[in-house]
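Spelled out, the chains give:
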Amino acid sequence: MTSALTDRTFAAVLFDNDGTLIDSTEAVRRSWVAWAIEHHVDPFSLQGFHGVPAAAIVAAVLPDGDQGDALARIVAIEESDTVGVVALPGATEALAVLGQSAAIATSATRNLALARLEAAGVGIPEVVVSADDITRGKPDPEPYLLAAQRLGVDPAQCLVVEDAPSGLTSGRAAGCATLGVVSTHGAHDLDADLVVPDLSHVEFVIESHGVRLRMR
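Residues numbered from 1 in each chain as written. Predicted model: local features only at pLDDT ≥ 70, side-chain atom pairs only at ≥ 80, totals over all residues. Heavy atoms only, no water.

*Asks:* How do you make sense of the state of the cysteines when you look at a structure like this?
*Replies:* What makes a disulfide is a covalent bond joining the sulfur atoms belonging to two cysteines. If you walk through the whole model with that rule in mind, you get 0 disulfides. Here Cys158 stays unpaired: no disulfide links it, and the sulfur of Cys176, its closest cysteine neighbor, is 5.2 Å away. A residue is classified by how much of its surface remains accessible, and Cys158, at 0% relative accessible area, is buried. On the basis of relative accessible area, Cys176 is assigned to the buried category, the value being 7%. (Disulfide = S-S within 2.5 Å. Buried < 20%, exposed > 50% of the residue type's maximum accessible area, 1.4 Å probe, protein only.)

*Asks:* What is the right way to look at the sheet that holds strand β8 (residues 177-181) in this model?
*Replies:* Either a parallel or an antiparallel arrangement is found when strands of a sheet pair, and the pairing is made through backbone hydrogen bonds. Strand order in the open sheet formed by 6 strands is β6-β5-β2-β7-β8-β9, with parallel pairing between adjacent strands. The two strands at the open ends of the sheet, each matched to only one other strand, are β6 (127-129) and β9 (194-196). Mean inter-strand twist for the sheet, computed between neighbouring axes without regard to direction, equals 20°. Pairing of strand β2 (residues 12-15) with strand β5 (residues 102-105) involves 3 bridges; the strand directions are parallel. (Pairing = 2+ DSSP bridges. Helix = DSSP H or I, 4+ residues; strand = E, 2+ residues; numbered from the N terminus. Axes fitted to C-alpha atoms, helices over the stretch in contact; angles between N-to-C directions.)

*Asks:* Quick question: what am I supposed to make of the packing of helix α2 (residues 25-38) against helix α4 (residues 67-79) here?
*Replies:* The relative placement of two packed helices is expressed as an angle between their axes plus a distance between the axes. At a minimum axis separation of 9 Å, α2 and α4 run at an interaxial angle of 145°. In terms of crossing hand, the pair formed by α2 and α4 is right-handed. Facing α2, whose interface residues are Val28, Ser31, Trp32, Trp35 and Glu38, α4 presents Ala70, Arg73, Ile74, Ile77 and Glu78. Here the contact of α2 with α4 is composed, by residue class, of 6 nonpolar, 1 polar and 3 charged. (Left-handed = near helix turned anticlockwise from the far one by under 90°. Contact = heavy atoms within 4.5 Å. Nonpolar A, V, L, I, M, F, W, Y, C, P; charged D, E, K, R; others polar.)

Without other data, these values stay purely geometric and don't point to any function.
Printed below as a string of structure tokens:
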């Protein structure tokens with residue numbers, strides 16, 4: 001399985017954000033529990049939605065409510081709470097090495113993604129695809145297809161790095177190779193070309209023909 005990725009080069013590496021580059025678990029939990037209480041939603045009904053855009057979560061758990069106001073409210077709550085958001089191992093180094101060969105495709109809004117990246121002290125690549133940019137979120141391939149398009153590269157020449165099954169499905173559907181990191185899900189839940197504990201277990205190397213992945 002390792003050789004499927006380490007024996008080739010990539011035009012770019014496309015990262016998910018929450019759970020892949022940064023740990024925002026507690027901030028996410030606090031925000032959604034507060035939102036659920038406000039909207040008389042059972043917080044336990046929110047389980048299993050990691051990696052899914054907020055609009056889709058709201059639609060699923062509040063089908064008969066005012067979804068526009070409810071979505072605006074969770075966005076406001078999340079953007080105001082970045083306490084405890086930190087970079088995951090290897091994330092800062094990976095983005096620094098990759099430079100313009102990296103992009104982020106997140107299910108969060110752009111303002112929320114940037115707020116969390118800044119709070120974590122992670123470098124922000126030029127291309128950040130957010131929920132504001134797409135009409136169909138993960139597991140649809142649109143986020144990663146758009147990230148590759150904005151970088152000017154073929155999705156088939158890209159590596160997607162994800163922590164969530166829905167994100168890996170999105171990456172595969174876009175035609176990308178996939179690297180799973182274990183943070184929000186167990187390794188057995190991640191259907192990827194390669195699964196590692198976190199990004200400190202791999203190294204990205206810029207070569208003349210692209211980016212190569214090495215194991216540490």
